[in-house]
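Residue-level structural notes
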Amino acid sequence: MSTVARGAAQALDWIVLKVVQRCNLNCTYCYVYNRGDDSWKSRPPIITDAVVDQLAARIVAHCARHGLNAFVIELHGGEPLLLGKRRMQRLIDTLRARTAPITLRFILQTNGLLLDQEWLALFDRNAMSFGISLDGPPEVADRFRIQRNGRGSTQKLLDKIRTLRAAGPDFDRLMGSILCVVNPALHGGKLVQWFIDNGFDAFEFLLPDGNYANYPQGWTGVAPYRRFLLEAFDAWYALGSHAPQIRLFEMMMLGFMGIKSPLDALGGDLRRLCVVESDGSIGISDVVRMCGGEFANDKLNIFRHPLDLHASVYQLSQLQRPCAQCQACPHLASCGGGYLPHRFDGSGFDHPSIYCQALYALAERMLRAIRRDLPPTLLSDPTCSLWTADLAE
Ligand code: SF4
Ligand code: SF4
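Thresholds applied
Per-chain numbering applies: the sequence of each chain, read as written, is numbered from 1 onward. Chains and ligands are labelled sequentially in the order written, the chains with letters from A and the ligands with numbers from 1. Where local features are concerned, this predicted model is filtered to residues with pLDDT of at least 70; where side-chain atom pairs are given and counted, the filter is 80 or more; whole-chain, interface and lining totals use all residues. Processing note: side-chain calculations cover all non-hydrogen atoms of the structure and skip hydrogens and water entirely. Only heavy atoms are used to decide nearness, and a residue is near a molecule or strand if one of them lies within 4 Å of it. A run of H or I in DSSP becomes a helix once it reaches four residues, and a run of E becomes a strand once it reaches two; helices and strands are each numbered from the N terminus. Under the scheme applied here, ten amino acids are nonpolar (Ala, Val, Leu, Ile, Met, Phe, Trp, Tyr, Cys and Pro), four are charged (Asp, Glu, Lys and Arg), and all others, including Gly, are polar. Residue count minus one, scaled by 1.5 Å, sets the expected span of a helix. The buried label applies to any residue whose accessible area, calculated with a 1.4 Å probe on protein chains only, is under 20% of its type's maximum; exposed applies above 50%, and partly exposed to all values in between. Our arc is simply the arc of the directions from the helix axis toward the C-beta atoms. Should any heavy atoms of two residues lie within 4.5 Å, those residues are considered in contact. Grouping buried Ala, Val, Leu, Ile, Met, Phe, Trp, Tyr and Cys residues that are joined through side-chain atoms within 4.5 Å yields what is termed a nonpolar core. Salt bridge, as used here, is a side-chain nitrogen of Lys or Arg placed within 4 Å of a carboxyl oxygen of Asp or Glu. Definitions used throughout: a 1 Å grid over protein atoms alone; a cavity as a set of points that fits a 1.4 Å probe which cannot get out; a pocket as an open set with protein on both sides within 12 Å along at least five of seven lines; a lining residue as one with an atom within 4 Å of a point. Grid points are joined across faces, edges and corners, and a volume is the space filled by probe spheres set on the points. Strand pairing is assigned whenever DSSP detects at least two bridges linking the two strands. If you view a crossover with the strands going away from you and the path from the first strand over the helix to the second runs clockwise, you call it right-handed. For the purposes of these results, a polar contact is taken to be a pair of N or O atoms within 3.5 Å, where, inside protein, one atom must be able to donate a hydrogen and its partner to accept one; residues adjacent in sequence count only when each atom of the pair is a side-chain atom.

1. Quick look at the site of ligand 2
- Close to ligand 2 lie Cys326, Cys329, Leu332, Cys335, Gly337, Pro352, Ser353, Cys356 and Tyr360.
- Mapped onto the shell around ligand 2, the elements with two or more residues apiece are helix H13 (332-335) and helix H14 (356-373).
- Split by residue class, the shell around ligand 2 holds seven nonpolar, two polar and no charged.

2. Some words on the site of ligand 1
- Neighbouring ligand 1 are Cys23, Leu25, Asn26, Cys27, Cys30, Tyr33, Gly78, Asn111 and Arg145.
- Grouping the amino acids of the shell around ligand 1 by side-chain chemistry returns five nonpolar, three polar and one charged.

3. Regarding helix H5 (residues 154-166)
- Here H5 is 13 residues long and its end C-alpha atoms lie 18 Å apart, about the 18 Å a rise of 1.5 Å per residue gives.
- Along H5, the residues that are buried comprise Thr154, Leu157, Leu158, Ile161 and Leu164. Along H5, the residues classed as buried sweep out an arc of 125° about the axis, all on the same side. Looking at H5, the residues exposed on the side facing more than 90 degrees away from the buried face are Arg162, Thr163 and Ala166.
- The inward-facing, buried residues of H5 abut helix H3 (117-125), strand E4 (129-133), helix H4 (138-141), helix H6 (170-174) and helix H7 (188-197).
- In the segment just after H5, Gly168 is the residue with positive phi, at about 145°.

4. Some words on the nonpolar core
- Residues Phe123, Phe205 and Phe249 are the most contacted members of the largest nonpolar core, which totals 117 residues.
- Those residues in contact with Phe249, other than ones at most four positions away along the chain, are Phe205, Leu229, Ala232, Phe233, Trp236, Leu362 and Met366.
- Listed in part, the six residues of the second largest apolar core include Trp14, Val72, Ile107 and Leu273.

5. Brief notes about the pattern of salt bridges
- Under the defined criterion, the tally for this structure stands at 20 salt bridges.
- Here Asp38 makes a salt bridge to Lys41, at a shortest N to O gap of 3.7 Å.
- A salt bridge links Glu204 to Arg247, with the shortest nitrogen-to-oxygen separation between them at 3.5 Å. Of this pair, Glu204 sits in strand E6 (residues 202-206) while Arg247 sits in helix H9 (residues 247-256); the two residues are 43 residues apart in sequence, bridging distant segments of the chain.
- You can call Arg247 partly exposed: its relative accessible area is 38%.
- Here the salt bridges share partners, and the residues they tie into one network are Arg43, Glu277, Asp279, Arg289 and Asp298.

6. Comments concerning empty space enclosed by the protein
- The final tally for this structure, using the stated rule, is three cavities of 30 Å³ or more.
- The space that makes up the largest cavity amounts to roughly 90 Å³.
- Around the largest cavity, the lining is made up of 13 residues, and of these Lys18, Gln21, Val32, Asp37 and Glu277 lie nearest the centre.
- Broken down by class, the residue content of the lining of the largest cavity amounts to three nonpolar, four polar and six charged.

7. Some words on the pairing of strand E1 (residues 14-18)
- Burial within E1 is extensive, with five of its five residues counted as buried.
- Of the two faces of E1, the one carrying Trp14, Val16 and Lys18 and the one carrying Ile15 and Leu17 are both buried.
- In this structure, E1 lies alongside strand E2 (residues 70-76), joined through five bridges in parallel fashion. Directly across from Ile15, in E2, lies its bridge partner Ile73.
- Note that the unit made of E1, helix H1 (residues 49-66) and E2 has a crossover that is right-handed.
- Across four bridges, E1 lies against strand E8 (residues 273-276) in parallel orientation. For Trp14, the partnering residue across the bridge sits in E8 and is Leu273.

8. Description of H3
- Every buried residue of H3 is listed here: Trp119, Leu120, Leu122 and Phe123. Buried residues along H3 cover an arc of 160° about the axis, so they all sit on one side. Away from its buried face, by an angle of more than 90 degrees, H3 presents the exposed residues Glu118 and Arg125.
- Residues of H3 that are buried make contact with helix H2 (85-99), strand E3 (103-110), E4, H5 and H6.
- Residue Asp116 occupies the N-cap position of H3, its side-chain oxygen lying 3.1 Å from the main-chain nitrogen of Glu118.
- Looking one or two residues past H3, Ala127 carries a phi angle of roughly 50°, positive in sign.

See the structure below:
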């Protein structure tokens, strides 16, 4: 019997599914293993069949209740490829068979080290795309992205990608995007060019996890991140129609045009997705766990609770409400107040992101570029923040 109070039901259509709780890397900045949340130790290393069966039943009930006919499952870890191909296929088959006729779309986030042609074939036959974590050139990235034996992992990954590309177009056809954790030791513009030179045309910058109570690793203040983001944006914007996709930049610019970003890094609505752990626990964005205390506690589990309690039980509307400074900020539409765990001060989230100054400067640089390059007649709404926000620079 559940002891959780029943709040308003909220539809979600996206689950981050932790199929494996272990990883073959030990990245120094990893929010799972090295930022103070040890909950992975007490969960099954690999998702059980019982959890998969129960999850299918919860998805069916949720979709029926909210009139949904499609659902996204993002396969995550640790390192999800440690599940192995046979188990992975069985998990996909079980979920699809037990939730039919709902359309399930699978995506997967991997560190890429275990990829091979057979994995690509599995992704292909299941209409899946995948993302890879890659932080840039080995000589810098490998200070952080280390293997269990203490050696760097990036050259190994680049060699693997070269081999897969040599075998045919499947790697690039199936790969969605690169996830790159920002390292301000690098020049942002040079890093953009490094990704292009290495054949990547879609990548995403993530600011390292940390907040006012638990600073990002190696934190010396926000200035290096501000510099990095401005360098990267300037280089990217100057490429014009040849620019690769960089979601952080694209979404922030669309924010100025009234399009709310779904990116959690830009205050995207966390009510539309939840994390399901290998023991069936339902949580908020797993990065929020690094905040500890009540934010690291599992309050829900698919064996006892429906999926749609997640938003009300974790009080996501209250937690995500922008602080007074953000509400008064001319760039809220673009920045969204930043990523929820980056706003934490040890007791709550009523603050701008710890990266506020970097995000503010980036938004200003974008706004200046948009105003310079877009004819005003393209915009019909004179109250749009594109025109009303002041530029300090
Ligand atoms: S690859 Fe991902 S899950 Fe594994 S240690 Fe690195 S950041 Fe953590
Ligand atoms: S730039 Fe700073 S104050 Fe403005 S919305 Fe972003 S985090 Fe809030």
